[in-house]
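# Analysis of the macromolecular model
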Amino acid sequence: GVQTCALPILEAVHAVDFGDYAMAVSLFKRALGSLNDSLATLAAPESSPHPLVEAWREEARARLFDLREIWLRVITECRDELARPDDEDEEESD
């Protein structure tokens, strides 16, 4: 669940900081799997029908979807960086 995606996310952030975009994409995708599992657990029919739990569940679901959207944007940006030619490649072709 959410706890199992904490370490890959921290590692992914460090990978972005170091410019290792391929590693960051891999780690974000691993964390997305755990996040999706958490979302599935929240949607499970055997969850408690208590009104307080339902209110918490809706709030948690909204926050998890926010995280998911952010991570997907970062993955897209990392892939864009990977597709961009290196400055060294441009200098060699001149």
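Refer to the structure presented above.
Residues numbered from 1 in each chain as written. Predicted model: local features only at pLDDT ≥ 70, side-chain atom pairs only at ≥ 80, totals over all residues. Heavy atoms only, no water.

Turning our attention to the packing of aromatic side chains. In this description, a pair of aromatic rings is defined by centroid distance and the angle of the planes. Evaluation of the coordinates by the stated rule reveals 1 aromatic pair. For the pair Phe28 and Trp71, a centre-to-centre distance of 6.4 Å together with 55° between the ring planes defines the contact as tilted. Of this pair, Phe28 sits in helix H2 (residues 21-43) while Trp71 sits in helix H3 (residues 51-83); the two residues are 43 residues apart in sequence, bridging distant segments of the chain. On the accessibility criterion, Phe28 (3% relative accessible area) is buried. For Trp71, a relative accessible area of 7% corresponds to the buried category. (Phe/Tyr/Trp six-rings, centres within 6.5 Å; stacked < 30°, edge-to-face > 60°. Helix = DSSP H or I, 4+ residues; strand = E, 2+ residues; numbered from the N terminus. Buried < 20%, exposed > 50% of the residue type's maximum accessible area, 1.4 Å probe, protein only.)

Before going further, it helps to examine H2. End to end, H2 covers 32 Å across 23 residues, agreeing with the expected 33 Å (1.5 Å per residue, within 8%). Among all positions in H2, only Ala24, Val25, Leu27, Phe28, Ala31, Leu32, Ser34, Leu35, Ser38, Leu39 and Leu42 are buried. Tucked into the core, H2 has its buried residues touching helix H1 (6-17) and H3. (Expected span 1.5 Å × (residues − 1). Contact = heavy atoms within 4.5 Å.)

Attention now goes to the environment of Arg57. Residue placement: Arg57 occurs in helix H3. Relative accessible area serves as the criterion here: at 6%, Arg57 is assigned to the buried category. Each C-alpha atom, one on Arg57 and one on Ala43, is 8.5 Å from the other, the two residues being 14 residues apart in sequence.

Before going further, it helps to spend a moment on H1. Quick reminder: α-helices carry 3.6 residues per turn. Residues three or four places apart thus point the same way. The terminal C-alpha atoms of H1, which comprises 12 residues, lie 17 Å apart, in line with the 16 Å expected from a rise of 1.5 Å per residue. Structurally, H1 contributes buried residues whose contacts are with H2 and H3. Looking one or two residues beyond H1, the residue adopting positive phi is Gly19, at roughly 80°.

On to the pattern of salt bridges. Here the structure, examined in full by the defined rule, presents 6 salt bridges. We note a salt bridge from Glu69 to Arg73, for which the minimum N-O separation is 2.3 Å. Of this pair, Glu69 and Arg73 both sit in helix H3, 4 residues apart, which is roughly one turn of that helix. Here Glu69 falls in the partly exposed class, since its relative accessible area comes to 40%. Arg84 is the partner of Glu81 in a salt bridge, and the nearest nitrogen-oxygen pair spans 2.7 Å. (Salt bridge = Lys/Arg side-chain N within 4 Å of Asp/Glu carboxyl O.)

Further remarks concern the nonpolar core. Core analysis: the largest hydrophobic core is formed by 17 residues, its most contacted members being Phe28 and Trp71. Listed by contribution, the elements that provide at least two residues to this core are H1, H2 and H3. (Core = buried A, V, L, I, M, F, W, Y, C linked by side-chain atoms within 4.5 Å.)

Within the secondary structure, Val13 is located in helix H1. Each C-alpha atom of the pair Val13 and Phe28 lies 8.8 Å from the other, and the pair is 15 residues apart in sequence.

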